[in-house]
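Breakdown of the fold
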Amino acid sequence: MTERLDRILDHPVLGQVLDTIADGVFALDHQGQIVFWSHSMERITGHTAGAAMGHTCRFLGFSDCLGVKGHGNIRQCRVFRGTASGAVECFIRHRDGRDVPVIKNATPVRDSRGRVIGVIEAITDLTELEKARAKAEEAARHLGERHRMGRIIGKSREMSPVFTAIAAAGESRATVLIQGESGTGKELVAGAIHYRSGMAAGPFAVVNCAALSESVLESELFGHARGAFTGAVADRAGRLEAADGGTVFLDEIGELSPLVQVKLLRVLQERVVERMGESRQRRLDIRIITATHRDLGAMVKAGTFREDLYYRLKVFPIRVPPLRARKTDIPLLIQAFMARQNRATGKQVNRVSPQAMQRLMDHDWPGNVRELENAVEHAFVLCRGRTISPVHLPIELRDNRTTERLPDREPALGPSRHTITPVRHHTGRSRARMTRESLLERLGACNWNKAEAARQLGVSRTAVWKRMKQWEIPLARPDQRQGPGQDRDRDHG
């Protein structure tokens, strides 16, 4: 007698076992019609066993259908040809019309002669898991927002006091002194304070005290009257006066000359300003925030900075830690910089390889966050795929002890254009393979002297010349016009 799957599944014990399984189970006979439908299938799909019996599995609307296209014969399904499907993540259509995320796993059932007499499919409901995934993705999207204040990004323990101080400073009008190394984001801290304060509707003026000479800075800050000095052909309001009702951020305050220090002290004490060349006092309603990478306390002891001004400025000090002290923030910062570069360039770089991330984490970052942002921008110039690799990083971040190639999927910078077989010296040690970028770097350092570049790289001048031709590197320095006698170190032949 021909064995039939429905008769096998009619066994009362087997049916009870299948009905107690949390995963949904249904079976198709040799014609592809449903002959068994567990209680869990009713729960997952909303369809009762009575409604499902006799249908093919098409009525479930699987988004991934194991090789059956359109309204083709269900017998064309590869499971009916004897091949188990393996776990497939897809969607099925619930009775109420919504899509249910599931994992399905189909297995052919054979009779004693090895013939396929049907298929059993198990369905795992992923609804709760999908909700958890959605929550995780939502958390990831908001991660930057939760760990940033303005454009300041960080979740490290070292940055927590900075965020607390910004919030507190925003609620007052106290004069703030921001201290930290160059590139740590002191201007961003000042901006965050301003835009969280009651003066956010007013101007936010930024003056770099180190970028201007004493006379120019004095006019820039306090303004001048017509005829105050040669070239002063009209009255001009200074930055302090123009920022009335807002905030003035004085960066690199440690660079102020003694004269400007005295005039700024009066502004802080009396909230008035006098333009150069006139005696009229103009009352100001401004908040002053200053910043420096220098030790003002040491400058006071050395007599180069006024003690009374120092104490006026440091009413509420904030110290921004260097990046090397908060390296756990580096991945978060990189993600933010990558998103910014993707928007600016139209690329879709969304990953940093583990090797590249390790080098980014190991670097000391003397230029702090600004240096990190520049490193990401540098990587975007070279990256042609979706992943930043060590070879895309600035040369000071690459490990010269290893040899790397750009990924094959990035043909514009493919392996054939970027590697030279290492040469072995009499010491028995071999140098790392040369890349186009390292050759350009060395040529620049050697003023385009190819013989010296070859010596430093450990290859022959002929190899350097050939690679320059292969990689389309100019034989003469790009900023020079090649004339007779130039490039005398070039090999011929």
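Please refer to the structure placed before this passage.
Attention here is on the structure that accompanies the text. (Residues numbered from 1 in each chain as written. Predicted model: local features only at pLDDT ≥ 70, side-chain atom pairs only at ≥ 80, totals over all residues. Heavy atoms only, no water.)

1. Here we look at the overall build of the protein
Check the secondary structure of the protein and you find 18 helices and 18 strands. Across the 493 residues that make up the protein, the buried fraction comes to 45%. Look at the contacts in the protein between residues 6 or more apart in sequence, and 61% of them connect residues 24 or more apart. Accessible surface for the protein amounts to roughly 25800 Å². Of this, 49% is attributable to carbon and sulfur atoms. (Helix = DSSP H or I, 4+ residues; strand = E, 2+ residues; numbered from the N terminus. Buried < 20%, exposed > 50% of the residue type's maximum accessible area, 1.4 Å probe, protein only. Contact = heavy atoms within 4.5 Å. Areas by Shrake-Rupley, 256 points an atom, 1.4 Å probe, with all protein chains shown as cover.)

2. Focus on the sheet that holds strand S1 (residues 24-29)
Ordered by their spatial adjacency, 5 strands build an open sheet running S2-S1-S5-S4-S3, and the pairing between neighbours is antiparallel. Edge strands, defined here as strands with exactly one partner in the open sheet, are strand S2 (34-37) and strand S3 (88-93). Adjacent strand axes in the sheet meet at a mean angle of 35° when their direction is disregarded. (Pairing = 2+ DSSP bridges. Axes fitted to C-alpha atoms, helices over the stretch in contact; angles between N-to-C directions.)

3. What to know about unusual backbone geometry
Of note, Glu252 is a non-glycine position whose phi angle comes to about 55°, a positive value. Within the secondary structure, Glu252 is located in the loop between strand S12 (247-251) and helix H10 (258-270). At Trp365, a position not held by glycine, the phi torsion is positive, near 55°. With respect to the secondary-structure elements, Trp365 resides in the loop between helix H14 (354-362) and helix H15 (368-382).

4. Looking at the layout of surface pockets
Within this model, the second largest pocket holds a volume of roughly 420 Å³. Forming the walls of the second largest pocket are 22 residues, and the residues nearest its centre are Gly183, Thr184, Gly185, Lys186 and Leu188. Elements with a contribution of two residues or more to the lining of the second largest pocket: strand S7 (152-153), helix H7 (186-195), helix H13 (330-345) and H15. No other element matches H7, which puts 4 residues into the lining of the second largest pocket. (1 Å grid on protein atoms, 1.4 Å probe; cavity = no way out; pocket = protein on both sides within 12 Å on 5 of 7 lines; lining within 4 Å. Points joined across faces, edges and corners; volume = space filled by probe spheres on them.)

5. Comments concerning the pattern of salt bridges
Overall, the coordinates contain 17 salt bridges when judged by the stated rule. Linking Arg93 and Asp99 is a salt bridge whose minimum nitrogen-to-oxygen distance equals 2.7 Å. With relative accessibility at 43%, the residue Asp99 sits in the partly exposed group. Residues Asp329 and Arg326 are paired through a salt bridge, measuring 2.8 Å at the closest nitrogen-oxygen approach. By relative accessible area, Asp329 is classed as buried at 0%. Through salt bridges with shared partners, a single network forms among Glu241, Arg275, Glu278 and Arg282. (Salt bridge = Lys/Arg side-chain N within 4 Å of Asp/Glu carboxyl O.)

6. Focus: the nonpolar core
If you look at the biggest cluster of nonpolar residues, it comprises 29 residues, and the most contacted ones within it are Leu221, Leu240, Leu250, Ile253, Leu264, Ile288 and Phe305. Other than its neighbours up to four places away in sequence, Ile288 contacts Thr175, Val176, Leu240, Val248, Leu250, Leu264, Val267 and Leu268. Within the second largest apolar cluster, 25 residues are counted, among which are Ile330, Val352, Cys383 and Leu393. (Core = buried A, V, L, I, M, F, W, Y, C linked by side-chain atoms within 4.5 Å.)

7. What to know about the packing of helix H8 (residues 214-222) against H10
Relative orientation of the contacting elements H8 and H10 amounts to 15°, with a least axis distance of 10 Å. By the angle class used here, H8 and H10 are roughly parallel. Helix-helix and strand crossings are classified by hand; for H8 and H10 the assignment is left-handed. Within the contact between the two elements, H8 uses Glu214, Leu217, Glu218, Leu221 and Phe222 and H10 uses Leu259, Val260, Lys263, Leu264 and Val267. When the residues that make up the contact of H8 with H10 are grouped by side-chain class, the tally is 7 nonpolar, no polar and 3 charged. (Parallel < 35°, antiparallel > 145°, perpendicular 65-115°, else oblique. Left-handed = near helix turned anticlockwise from the far one by under 90°. Nonpolar A, V, L, I, M, F, W, Y, C, P; charged D, E, K, R; others polar.)

8. So, the environment of Leu439
Tracing the backbone through its elements, the reader meets Leu439 in helix H16 (residues 436-445). Residue classification places Leu439 among the buried residues on the basis of a relative accessible area of 0%. The residues contacting Leu439, other than those within four sequence positions of it, are Met434, Leu457, Val464, Arg467, Met468, Trp471 and Ile473.

9. Looking at the packing of aromatic side chains
The tally for this structure, following the rule as stated, stands at 5 aromatic pairs. Aromatic side chains Phe26 and Trp37 sit 5.7 Å apart centroid to centroid with 45° between the ring planes, which places their arrangement in the tilted category. Taken as a pair, Phe26 in strand S1 and Trp37 in strand S2 lie far apart in primary sequence, 11 residues in all. Each of the two residues, Phe26 as well as Trp37, counts as buried. Ring centres of Tyr310 and Tyr311 lie 5.1 Å apart, and the angle between their planes is 55°; this geometry places the pair in the tilted category. Since its relative accessible area comes to 11%, Tyr310 is described here as buried. What makes Tyr311 partly exposed here is its relative accessible area of 48%. Ring pairing ties together the aromatic residues Phe26, Trp37 and Phe59, which thus form one cluster. (Phe/Tyr/Trp six-rings, centres within 6.5 Å; stacked < 30°, edge-to-face > 60°.)

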